[in-house]
Amino acid sequence: MKILVLIKQVPETSNVRMDTSTGTIIREGVESIVNPLDLYAIETALRLKKTYGATVTAISMGPSAAEKCVKEAIAMGCDDGILLSSHEFAGSDTWATSMILSKACAKIGDFDLVLAGERATDGDTAQVGPEVASLLDIPLATYVSSILKVNNKEMIIERLVEKCYESLLVPFPCLVTVLKEIAVPRLPTLRGKQNARAAELQKWSINDLPGICSEEVGLAGSPTQVVKISTPKVARHGINIKIKDERDMEPAIEALVQFLKDKNLIPKRGQEI
């Protein structure tokens, strides 16, 4: 069984800065980590490896610094890793990113299962997994909460839909995006960290991916772009009343009641709401 796990490097902080000219995230000077939701995909792959026997390859697209997150996946137990890094990839939206990842998967070939997290915490679109499956023309199952049974041809999974769960039989090769509840990610062991430090990652540029050109990736190949960025401001026009002693209590209560009446949160005299 050959498993590919798609992972992404994301900013560790919620205080993300944006480049207003390109509409892309400024990643320089910000500590980066493996997308937390991708850790569940890694853990799922490692459990399948232990139970059924498999090789697990972690794949990430990003700058050279993303090598760190690929090595973290190896430290957790993945067998090897591939970093897709090329200046032509900078600024890729979900469509262009999916094309790059799908070309890498196709180049590896002969895989049984592609695993990905539900979504990335920076973009929060949950589109890359389904788009990769579409470009590879393989079956897709999203929001998977558990894998019930696996054989050499197919697997039975359980996925979250609206207010319940459904079971699906999915033939190999296929792509699955997983939820948090599928497993608890393990921590890297000392031996795993040593293996990751010694690992020789494969690094593929645009020239290593057949059937793709610079016009199809990066900002030039991204059909969706951010055209305007603004920071939301919360404006509260309330009344601040300080109560110092009992004499201030009654006026404060009257002011509160009047405020609630003005907002139609309690009825005025003779009024129904």
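Everything that follows concerns the structure shown earlier in this document.
Residues numbered from 1 in each chain as written. Predicted model: local features only at pLDDT ≥ 70, side-chain atom pairs only at ≥ 80, totals over all residues. Heavy atoms only, no water.

*Asks:* Before we move on, can you summarise the pairing of strand β8 (residues 113-117) with the specific residues and values?
*Replies:* Within β8, five of the five residues are buried, leaving the element largely enclosed by the surrounding structure. Residues Leu113, Leu115 and Gly117 line one face of β8 and the alternating positions Val114 and Ala116 line the opposite face, and both faces are buried. Inspection of the sheet shows strand β1 (residues 2-7) paired to β8 by four bridges, in the parallel sense. Residue Val5 lies in a different strand from β8, and its bridge partner there is Leu115. Relative to strand β12 (residues 174-178), β8 runs parallel, the two being bridged by five bridges. By the bridge assignment for β12, Leu115 is matched with Val176. (Buried < 20%, exposed > 50% of the residue type's maximum accessible area, 1.4 Å probe, protein only. Helix = DSSP H or I, 4+ residues; strand = E, 2+ residues; numbered from the N terminus. Pairing = 2+ DSSP bridges.)

*Asks:* Just give me the short version of the sheet that holds β12, but keep the residues and values in it.
*Replies:* Spatial ordering of the open sheet is given by β11-β10-β9-β12-β8-β1-β6-β7-β13, a layout of nine strands whose pairing is mixed. With partners counted over all chains shown, the strands left at the sheet margins are β11 (164-171) and β13 (202-204), one partner each. Neighbour to neighbour, the strand axes of the sheet diverge by 35° on average, direction disregarded. Inspection of the sheet shows strand β9 (residues 140-150) paired to β12 by three bridges, in the parallel sense. Bridge assignment links Leu140 to a residue of β12, and that residue is Leu175. (Axes fitted to C-alpha atoms, helices over the stretch in contact; angles between N-to-C directions.)

*Asks:* Pulling in residues and values, what's your account of the packing of aromatic side chains?
*Replies:* In total, this model carries zero aromatic pairs according to the counting rule given. For Lys107, the ring lying beneath its charged end belongs to Trp204, and the centroid distance is 4.2 Å. (Phe/Tyr/Trp six-rings, centres within 6.5 Å; stacked < 30°, edge-to-face > 60°. Lys NZ or Arg CZ within 6 Å of the ring centre and 35° of its normal.)

In short, geometric facts, not functional conclusions.
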